[in-house]
Amino acid sequence: MSFLDHLEELRSRLLKSLIALAVGFGVAWGYHEEIFHFMVTPLKQANPALELIATTPTEAIMLYMKMSFFVGIFFAAPFLLYQVWAFISPGLYSHEKGYAIPFVMFGTAFFVAGAAFGHYYLFPVTLKFLGEFGGQDIKFMPRITEYYDFYSWFLLALGIVFQVPVVIFVLSRIGLVTAGFLLRQFKWAVLVSFIVAAVVTPTPDIVTQTLLALPMIGLYLLGVVVAAIFGKKRQPAS
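Predicted model, so just to flag it, every value in this text is computed and none were measured. (Residues numbered from 1 in each chain as written. Predicted model: local features only at pLDDT ≥ 70, side-chain atom pairs only at ≥ 80, totals over all residues. Heavy atoms only, no water.)

Visitor: Can you help me understand the overall build of the protein chain in this one?
Guide: Across its full length, the protein chain carries eleven helices and zero strands. Its helices and strands in sequence order give the protein chain the pattern α-α-α-α-α-α-α-α-α-α-α, from N to C terminus. Evaluated residue by residue, the protein chain yields a buried proportion of 42% over its 238 residues. Contacts in the protein chain between residues far apart in sequence, at least 24 positions, make up 83% of those at least 6 positions apart. For the protein chain, the exposed surface amounts to about 13,400 Å²; the carbon and sulfur share of it is 72%. (Helix = DSSP H or I, 4+ residues; strand = E, 2+ residues; numbered from the N terminus. Buried < 20%, exposed > 50% of the residue type's maximum accessible area, 1.4 Å probe, protein only. Contact = heavy atoms within 4.5 Å. Areas by Shrake-Rupley, 256 points an atom, 1.4 Å probe, with all protein chains shown as cover.)

Visitor: How should I be thinking about the pattern of salt bridges in this particular structure?
Guide: Should the charged atoms of two oppositely charged side chains come close, the side chains can pair. Under the criterion given, the structure shown has five salt bridges. With its nearest N and O atoms 2.8 Å apart, the salt bridge here joins Glu8 to Arg11. On the criterion of helical spacing, the pair formed by Glu8 and Arg11 is a turn pair, its members being three residues apart in helix 1 (residues 3–29). Owing to a relative accessible area of 42%, Glu8 belongs among the partly exposed residues under this scheme. Since its relative accessible area comes to 45%, Arg11 is described here as partly exposed. Three or more residues are tied together by salt bridges with common partners; here these are Glu59, Arg143 and Glu146. (Salt bridge = Lys/Arg side-chain N within 4 Å of Asp/Glu carboxyl O.)

Visitor: What am I meant to see in helix 2 (residues 32–39) here?
Guide: The periodicity of an α-helix, 3.6 residues per turn, causes residues three or four positions apart to be oriented the same way. By the burial criterion, the buried members of helix 2 are His32, Ile35, Phe36 and Met39. Buried residues of helix 2, viewed axially, fall in a sector of 105°; they line one side. (Arc of directions from axis to C-beta.)

Visitor: Which parts of the structure should I look at to understand the nonpolar core?
Guide: Here is a general trend for soluble globular proteins: nonpolar side chains tend to be buried in one another's company. If you look at the biggest cluster of nonpolar residues, it comprises 42 residues, and the most contacted ones within it are Met39 and Tyr147. For this core, the element with the highest residue contribution is helix 7 (residues 144–161), accounting for ten residues. Those residues in contact with Met39 that lie beyond four places of it in its chain are Leu63, Met67, His119, Tyr147, Tyr148 and Tyr151. (Core = buried A, V, L, I, M, F, W, Y, C linked by side-chain atoms within 4.5 Å.)

Visitor: Explain the packing of helix 10 (residues 186–200) against helix 11 (residues 206–230) to me, please; I cannot follow it from the model alone.
Guide: If you want to describe how two helices pack, look at the angle between their axes and the distance between the axes. Interaxial distance between helix 10 and helix 11 falls to 8 Å at its minimum, and their mutual angle equals 140°. For the pair helix 10 and helix 11, the sense of crossing is right-handed. Seen from helix 10, the contacting residues are Phe186, Ala189, Val190, Ser193, Phe194, Val196, Ala197, Ala198 and Val200; seen from helix 11, they are Gln209, Thr210, Leu212, Ala213, Met216, Ile217, Tyr220 and Leu221. Looking at the contact of helix 10 with helix 11 residue by residue, the classes come out as 14 nonpolar, three polar and no charged. (Axes fitted to C-alpha atoms, helices over the stretch in contact; angles between N-to-C directions. Left-handed = near helix turned anticlockwise from the far one by under 90°. Nonpolar A, V, L, I, M, F, W, Y, C, P; charged D, E, K, R; others polar.)

Visitor: It is not clear to me how the packing of aromatic side chains should be interpreted in this structure. Could you clarify?
Guide: One pair of aromatic rings is described through two measures. These are the centre distance and the angle between the planes. Counted according to the given criterion, the structure contains 17 aromatic pairs. Considering the side-chain rings of Phe25 and Trp29, the 6.2 Å spacing of their centres and the 25° angle between planes classify their relative orientation as stacked. Taken together, the positions of Phe25 and Trp29, both in helix 1 and four residues apart, correspond to about one turn of that helix. For Phe25, a relative accessible area of 26% puts it in the partly exposed group. Residue class for Trp29 comes out partly exposed when judged on its relative accessible area of 30%. (Phe/Tyr/Trp six-rings, centres within 6.5 Å; stacked < 30°, edge-to-face > 60°.)

Visitor: Help me understand helix 8 (residues 164–173) in this model?
Guide: Three or more residues of helix 8 are buried, namely Pro165, Val166, Ile168, Phe169, Val170 and Ser172. Once helix 8 ends, the next one or two residues include Gly175, with phi positive near 85°.

Visitor: Is there a simple way to explain the packing of helix 4 (residues 59–75) against helix 5 (residues 77–88) in this structure?
Guide: Remark: helix 4 packs on helix 5, axes separated minimally by 5 Å, with the N-to-C direction vectors making an angle of 65°. In this structure, helix 4 contributes Ile73, Phe74 and Phe75 to the contact, and helix 5 contributes Ala77, Pro78 and Leu80. Along the lines of polarity and charge, the residues of the contact of helix 4 with helix 5 split into six nonpolar, no polar and no charged.

Shown next, in the form of structure tokens:
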């Protein structure tokens, strides 16, 4: 494929992804109130008496729109992952293209698992720590938009981070990485984990960054195990 052909292929994949996101948005919009109640569950767990506030007339409807788009990403995740695979697959040998189904299935599962980990555990712990940090003299009254921005960015980052074992699985199956190579790079993986955590964490506190970096390190080690079990040398197409 020429450079222009690659651009055309990228344009096609992006267009299909946008259509999938639009469909996901439409489905999520039909349940926006239920989704909102689910989204504020971690906040209620951290502080049952806490109430969210809106300071502008349009804040609630804008929140519902952004929230529906965010949930639409999860609805469209299998299709989006397939588009990613379809874009990179021309660079693979024919026998390597069969990893599309495992990539989409496990990629979707780990994406949802990362978001669930954030929603049910990491986000409530973070909120409780940050909410109590001000003590008795500061009343915590978050705006719904600020809460959503914090929540959605947190879960999306975790969903992406949880793709590490899936990516390592694919790379090890096509012979680009090995368990030994990954172990030798472990110190760099730890460093990168804390750098990424510092970049994607919405708050500057070291506690939240560490809570995000530790799962990343654990996922990297899981990837080492995956590479040891499923890895093999790359063989050219016959």
